[in-house]
Amino acid sequence: MRILKQLFLGAVAGAMFVLSACGPATESADQLPPADVPNTLSTEQWTYIQIDSTNVMWGEFDGPEWLRYFGLAAADFTGDGKLEIVTGRTVFRNPGGDMTGKWEKIDLAVNVDANLTYQLIGEKAPSILAEALPEVIRFSVDQNGDFTKGEVVARVPPTGHHNGQGYKTADLFPGKGDVEIIYASQGGLYVMDPTAALPWPVVLVGADASDEGFGVADMDGDGDLDLISGYRVPGLDAEVPTTVVWFENPGTMTPDWTRHQVGHTAFAIDRVEATDLNGDGRIDVVVAEERYPGLEPDATLWAFMASDTGFVRNAIVTQYSMNNLDLADLDQDGDEDILTAEHKGPDLALQLWKNDGAGHFTKQEIDRGKESHLGAQAFDMDGDGDLDIISIGWDQHQFVHLWRNDAK
Ligand SMILES: [Ca+2]
Ligand SMILES: [Ca+2]
Ligand SMILES: [Ca+2]
Ligand SMILES: [Ca+2]
């Protein structure tokens, strides 16, 4: 396969810096952990790779001129087991090897904010979904390995920032097999079925949800995935939602799922994810707050721990605005850890918060000085079995970042 034909700009050759070199731990036989302690992966060694320093922004092509891209996804389009990066109107082709080579830029040839990839059962390669709201546009890989011209597949109401900041695929209706597409936009959370005839039906399942991040998890343990998000209480400031809710999946693609309350934040709910943090079988909710203009370090990362009597809110950290959140088991000890990054402030710290298995978190700073917005996302970019981290920015939108996990 080849996706080189649409190459339009050379990426700046990957600049590489070794961030930390603590060296592999040396253990003598009498220091080995007991057999019942899971072997964990070191999270101490990372190599920063600058994938691009000249990335475009939405406003260079269409109004409003201040607008950047919100989309960030990764998938293997070439079948080599290495993941390409998709953001905005650009696909960055993984050079393979240690990933420090040149990431070729493929322009999707139209101004869109690509934010998802998905692959239906039987399809040979993933497709890209992009927003140029109200249009939702699909790009597929043709028999030559090139991306097709964009095709409008659905229509979703545009947000106050034109495109949405919440996007996920998930198999919401077990039994069907293929994933559904979920977009957060003006009006709430919309679900689409990518196996439907065009144009795809668009169903508003989460009325008045925020157009920012949302989580997907089985909140009530009934076997289907529910949606967790910020809620725009009618009559209150839509830009500063402070109520966290979940929407109960009825098992069918029907509108207006029943809303349940999780809790409240102090400031604007920005990113939301959910998983069982403490291994008690109940799904907990993690929320990163946004502060704008973000001049003070007063944004909090919250964990809402599920209990018999509702959710107990714990503050993990209060620091500069965090517009980045992902949950993943970075140290491979069986529990989900938290990835976040500061979008404002002097440090712009990229942080891993390691879970002790009981929902208590210890900070490990991975890097600082690279601004992230809708970034700090974990993917195994080189297919070597450990999770790497990718990021895009807003204030420093021209950069695309990769931290290669050098765990041994
Ligand atoms: Ca459920
Ligand atoms: Ca739990
Ligand atoms: Ca873990
Ligand atoms: Ca990896």
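Owing to the predicted nature of the structure, the values given are computational and were not obtained by experimental measurement.

Rules used throughout
Residues numbered from 1 in each chain as written. Chains lettered and ligands numbered in written order. Predicted model: local features only at pLDDT ≥ 70, side-chain atom pairs only at ≥ 80, totals over all residues. Heavy atoms only, no water. Donors = N, O, S within 2.8 Å, 3.2 Å for Na, K, Ca; no water. Buried < 20%, exposed > 50% of the residue type's maximum accessible area, 1.4 Å probe, protein only. Core = buried A, V, L, I, M, F, W, Y, C linked by side-chain atoms within 4.5 Å. Helix = DSSP H or I, 4+ residues; strand = E, 2+ residues; numbered from the N terminus. Contact = heavy atoms within 4.5 Å. Pairing = 2+ DSSP bridges. Axes fitted to C-alpha atoms, helices over the stretch in contact; angles between N-to-C directions. Polar contact = N/O pair within 3.5 Å; in protein donor to acceptor, adjacent residues only side chain to side chain. pLDDT = per-residue confidence, 0-100. Phe/Tyr/Trp six-rings, centres within 6.5 Å; stacked < 30°, edge-to-face > 60°. Lys NZ or Arg CZ within 6 Å of the ring centre and 35° of its normal.

Caption draft 1: Region of the structure containing the coordination of the calcium ion (ligand 3). For the calcium ion (ligand 3), every protein donor is listed as Asp329 (OD), Asp331 (OD), Asp333 (OD), Asp335 (O), Asp335 (OD), Asp337 (OD) and Asp337 (OD), and the spread of their distances is 2.3 to 2.6 Å. Each donor residue of the calcium ion (ligand 3) lies on the same chain, and together they follow the pattern D-x1-D-x1-D-x1-D-x1-D. On the basis of relative accessibility, which here comes to 4%, the residue Asp331 falls in the buried class. For Asp337, a relative accessible area of 0% puts it in the buried group.

Caption draft 2: Molecular detail of the nonpolar core. Counting residues in hydrophobic clusters, the biggest one holds 53 residues, and the most contacted among them are Ile85, Trp103, Ile128, Leu129 and Met381. For this core, the leading source of residues is strand S9 (residues 127-132), giving four residues. What Met381 contacts, discounting residues up to four positions off in sequence, is Ala74, Gly81, Lys82, Leu83, Glu84, Ile85, Asn94, Met99, Trp103, Asp388, Ile390 and Leu402. Grouped together as the second largest cluster of nonpolar side chains are 17 residues, Phe173, Val216, Val245 and Trp257 included.

Caption draft 3: Inspection of the pairing of strand S16 (residues 209-217) at higher detail. Most of S16 is tucked away: nine of the nine residues are buried. Bridge analysis of S16 against strand S17 (residues 226-231) gives five bridges, and the strand direction is antiparallel. Within S17, the residue paired with Ala217 across the bridge is Asp226.

Caption draft 4: Layout of the sheet that holds strand S26 (residues 350-355). Read from one edge to the other, the open sheet built from four strands follows the order S24-S25-S26-S27, with strand pairing classed as antiparallel. Strands at the two margins of the open sheet, each flanked by one partner only, are strand S24 (322-328) and strand S27 (361-367). Between one strand and the next, the sheet's axes are offset by a mean angle of 25 degrees, whatever the strand orientation. Pairing of strand S25 (residues 337-342) with S26 involves four bridges; the strand directions are antiparallel. Bridge pairing in S26 links Ala341 to Leu350.

Caption draft 5: Structural view of the environment of Glu365. Considering the arrangement of structural elements, one finds Glu365 in strand S27. Through-space distance from the C-alpha of Glu365 to that of Leu339 is 10.0 Å; in sequence the pair is 26 residues apart. Not counting residues within four places of it along the chain, the set of residues in contact with Glu365 comprises Ala349 and Leu350. At a separation of 2.7 Å, a polar atom in the side chain of Glu365 contacts the side chain of Arg368.

Caption draft 6: Fine view of the coordination of the calcium ion (ligand 1). Of the protein atoms, only Asp218 (OD), Asp220 (OD), Asp222 (OD), Asp224 (O), Asp224 (OD), Asp226 (OD) and Asp226 (OD) coordinate the calcium ion (ligand 1), at distances of 2.3 to 2.8 Å. Sequence positions of the residues that donate to the calcium ion (ligand 1) give the spacing D-x1-D-x1-D-x1-D-x1-D.

Caption draft 7: Broad picture of the pairing of S27. Bridge analysis of S26 against S27 gives six bridges, and the strand direction is antiparallel. Across the sheet, residue Asn355 finds its bridge partner in S27, namely Phe361. Connecting S26 to the antiparallel partner S27 that follows it, the hairpin turn spans five residues, and Gly357 within it adopts a positive phi of roughly 95 degrees.

Caption draft 8: The sheet that holds strand S8 (residues 113-118), seen in detail. The four strands are arranged S8-S9-S10-S11 in an open sheet whose pairing can be described as antiparallel. Only two strands of the sheet have a single partner each, and these edge strands are S8 and strand S11 (151-155). Strand-to-strand twist of the sheet, defined as the mean angle between neighbouring strand axes without regard to direction, takes the value 30 degrees. For S8 and S9, the ladder comprises five bridges, and the chain directions are antiparallel. Residue pairing for S9: Thr117 is matched across the bridge by Ile128.

Caption draft 9: Local environment of the confidence of the model for the protein chain. Overall, the prediction assigns the protein chain a mean pLDDT of 92, with 91% of residues at 70 or greater. Mean pLDDT across the elements of the protein chain ranges from a minimum in strand S1 (residues 7-9), with 36, to a maximum in strand S21 (residues 284-290), with 99. A low-confidence stretch, residues 1-29 stays under pLDDT 50, and its non-local contacts, those more than four residues away or across chains, total 69 contacts.

Caption draft 10: Region of the structure containing unusual backbone geometry. With an omega of -10 degrees, the peptide bond between Leu198 and Pro199 qualifies as cis. Tyr292 connects to Pro293 through a cis peptide bond whose omega is 5 degrees. Among the secondary structure elements, Pro293 is positioned in the loop between S21 and strand S22 (299-307). Phi is positive for Asp256, close to 60 degrees, though the residue is something other than glycine. Residue position: Asp256 is located in the loop between strand S18 (243-248) and strand S19 (258-264).

Caption draft 11: Inspection of the packing of aromatic side chains at higher detail. Enumeration according to the criterion identifies seven aromatic pairs in this entry. Seen from their ring centres, Tyr48 and Trp403 are 5.5 Å apart, and the 55 degrees between their planes marks the pair as tilted. In this pair, Tyr48 is assigned in strand S3 (residues 46-52) and Trp403 in strand S30 (residues 400-405), connecting sequence segments 355 residues apart. Taken as a pair, Tyr48 and Trp403 share a single burial class, namely buried. Centroid distance Phe77 to Phe147: 5.1 Å. Interplanar angle 75 degrees. Geometry classified as edge-to-face. One end of the pair, Phe77, is in the loop between strand S4 (73-75) and strand S5 (84-87); the other, Phe147, is in the loop between strand S10 (135-139) and S11, with 70 residues separating them in the sequence. Take Phe77 and Phe147: they sit in the same class, and that class is buried. Taken together, Trp66, Phe70 and Trp394 form an aromatic cluster joined through their ring pairs. Geometry around Trp394 places Arg68 over its ring, the cationic atom sitting 5.1 Å from the centre.

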